[in-house]
Amino acid sequence: MRASTAAIVAVMASGAAAFAPAASNTNAATKLHEGKPERMWDSMVDKTQRSEALPWLPRPAKLDGSMVGDVGFDPFYLSSIEKNFAGFIQPPQWEDTQGISTLYWMREAELKHSRVAMLAWFGWVATDGGFGVTLRFPGEMYSVENIPTAYEAHNILTEQGSMGFLLLAVGFVEFCTSAVLVEVSKGESDREAGDFSLDPLKFLQGKSAEDVNRMKLRELLNGRLAMLAFGGVATQTALSDATHGFPYF
């Protein structure tokens, strides 16, 4: 009887041991993960919050709502990838600098593209007479007879040589405006991204911080819309010969 009882106990103990975690397996798994870097994803997102613009995605870690116009729209999480962008304006071997963060550089780029797009859309439509008056530079070379539509302007002006001068002008502006970014990278300026203190009509003079932020938000929203609008008008005019001129359909 004692022998059969001992045999039953031994069988039950061996069955329970089959479901117990093996110490050797645990140690092997621990060693496997030792030395591995932390997942970059964990530092790129805030898993406790959802993006306001894309609520099915976690909020990008850098987009915490503190910047004007920030609604958490960054589906590729580019703002969370740390990179020093100072090297784009000054070779890093020249001198040591604090650098320019990814988010600062992206806001600078967004504002610059927004402002250019607002001017570009207005210029495209205005030169085609979309506002009731055809706006052109004086001179026969810029006349409607020589350049029928804005769609055809690039190729015609390139052949005339005007685009070469435009390239030099844009390059000069870029060179001058990049000086302040060098100051930012050195820590010599605490300027906000995209702020060139350009307010000739004094719209912001004497305004409260809330009013200033409201104006900044309007600029951003109009700029974002302008980027879409310019891409739309440029695409629409290229669809066929019949859509080159205003109203482009």
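So, how was this worked out
- Residues numbered from 1 in each chain as written.
- Predicted model: local features only at pLDDT ≥ 70, side-chain atom pairs only at ≥ 80, totals over all residues.
- Heavy atoms only, no water.
- Helix = DSSP H or I, 4+ residues; strand = E, 2+ residues; numbered from the N terminus.
- Buried < 20%, exposed > 50% of the residue type's maximum accessible area, 1.4 Å probe, protein only.
- Contact = heavy atoms within 4.5 Å.
- 1 Å grid on protein atoms, 1.4 Å probe; cavity = no way out; pocket = protein on both sides within 12 Å on 5 of 7 lines; lining within 4 Å.
- Points joined across faces, edges and corners; volume = space filled by probe spheres on them.
- Polar contact = N/O pair within 3.5 Å; in protein donor to acceptor, adjacent residues only side chain to side chain.
- Expected span 1.5 Å × (residues − 1).
- Salt bridge = Lys/Arg side-chain N within 4 Å of Asp/Glu carboxyl O.
- Bend = angle between axes of the 7 residues up to and from the residue.
- Axes fitted to C-alpha atoms, helices over the stretch in contact; angles between N-to-C directions.
- Parallel < 35°, antiparallel > 145°, perpendicular 65-115°, else oblique.
- Left-handed = near helix turned anticlockwise from the far one by under 90°.
- Nonpolar A, V, L, I, M, F, W, Y, C, P; charged D, E, K, R; others polar.
- Phe/Tyr/Trp six-rings, centres within 6.5 Å; stacked < 30°, edge-to-face > 60°.

**Q** Mind showing me how you'd approach the environment of Val180 here?
**A** Of note, Val180 is situated in helix 6 (residues 162–186). Relative accessible area serves as the criterion here: at 18%, Val180 is assigned to the buried category. Considered as a pair, Val180 and Asp195 are 15 residues apart in the sequence and their alpha carbons are 9.8 Å apart. Contact partners of Val180, with chain neighbours within four places excluded, come to Arg191 and Phe196.

**Q** Where do I start with the layout of surface pockets in this structure?
**A** Remark: the empty space left among the atoms is shown by a probe the size of a water molecule rolled over them. Within this model, the second largest pocket holds a volume of roughly 450 Å³. No other element matches the four residues that helix 4 (residues 102–127) contributes to the lining of the second largest pocket.

**Q** Could you clarify how one ought to interpret the side chain of Thr243 in this entry?
**A** Looking at the element boundaries, Thr243 is found in the segment after helix 7 (209–237). Of note is the side chain of Thr243, whose polar atom sits 2.9 Å from the backbone oxygen of Gln236. Dropping the residues within four chain positions of it, Thr243 is found in contact with Gln236, Thr237, Ala238, Tyr248 and Phe249.

**Q** Can you help me understand helix 7 in this one?
**A** Because an α-helix completes one turn every 3.6 residues, residues spaced three or four positions apart along the sequence face the same direction. Over its 29 residues, helix 7 runs 42 Å from end to end, which matches the ideal 42 Å to within 8%, given 1.5 Å per residue. For helix 7, the set of buried residues is Val212, Leu220, Gly223, Ala226, Val233 and Thr237.

**Q** How do you make sense of the pattern of salt bridges when you look at a structure like this?
**A** Side chains that differ in sign of charge can pair as their charged atoms come close. This model, assessed by the stated rule, comprises 11 salt bridges. With a shortest N-O distance of 2.9 Å, Arg191 and Glu108 are connected by a salt bridge. With Arg191 in the loop between helix 6 and helix 7 and Glu108 in helix 4, the pair connects residues that are 83 residues apart, well separated along the chain. Residue Arg191 is classed as buried on the basis of its relative accessible area, which comes to 11%.

**Q** What is the right way to look at helix 6 in this model?
**A** Between its first and last C-alpha atoms helix 6 spans 37 Å; for 25 residues at 1.5 Å apiece the expected length is 36 Å, and the two agree. At Ala179, helix 6 shows its largest bend, some 25°. When we look at burial in helix 6, the residues that qualify are Ser162, Ser178, Val180, Leu181, Val182, Val184 and Ser185. Gly187 lies just past helix 6 and shows a positive phi near 80°.

**Q** Would you explain the packing of helix 4 against helix 7 in this entry?
**A** A pair of packed helices is characterised by two quantities: the angle between their axes and the separation of those axes. It is at 7 Å that the axes of helix 4 and helix 7 come closest, and there the two elements cross at 50°. When the axes of helix 4 and helix 7 are compared, the pair comes out oblique. For the pair helix 4 and helix 7, the crossing hand works out as left-handed. Counted together, Arg107, Glu110, Leu111, His113, Ser114, Arg115, Ala117, Met118, Ala120, Trp121 and Trp124 of helix 4 and Glu219, Leu220, Asn222, Gly223, Arg224, Ala226, Met227, Ala229, Phe230, Val233, Ala234 and Thr237 of helix 7 form the full contact between these two elements. Each residue belonging to the contact of helix 4 with helix 7 can be placed in one class, and the counts come to 13 nonpolar, five polar and five charged.

**Q** Mind showing me how you'd approach the packing of aromatic side chains here?
**A** Any two aromatic rings considered together are summarised by their centre-to-centre distance and by the angle between their planes. By the definition in use, this model includes eight aromatic pairs. For the ring pair Phe85 and Phe88, a centre distance of 5.5 Å and an interplane angle of 20° mean the geometry is stacked. Relative accessible area serves as the criterion here: at 56%, Phe88 is assigned to the exposed category. Considering the side-chain rings of Phe88 and Trp105, the 5.7 Å spacing of their centres and the 35° angle between planes classify their relative orientation as tilted. You can see Phe88 sitting in the loop between strand 2 (58–60) and helix 4 and its partner Trp105 sitting in helix 4, a full 17 residues away along the chain.

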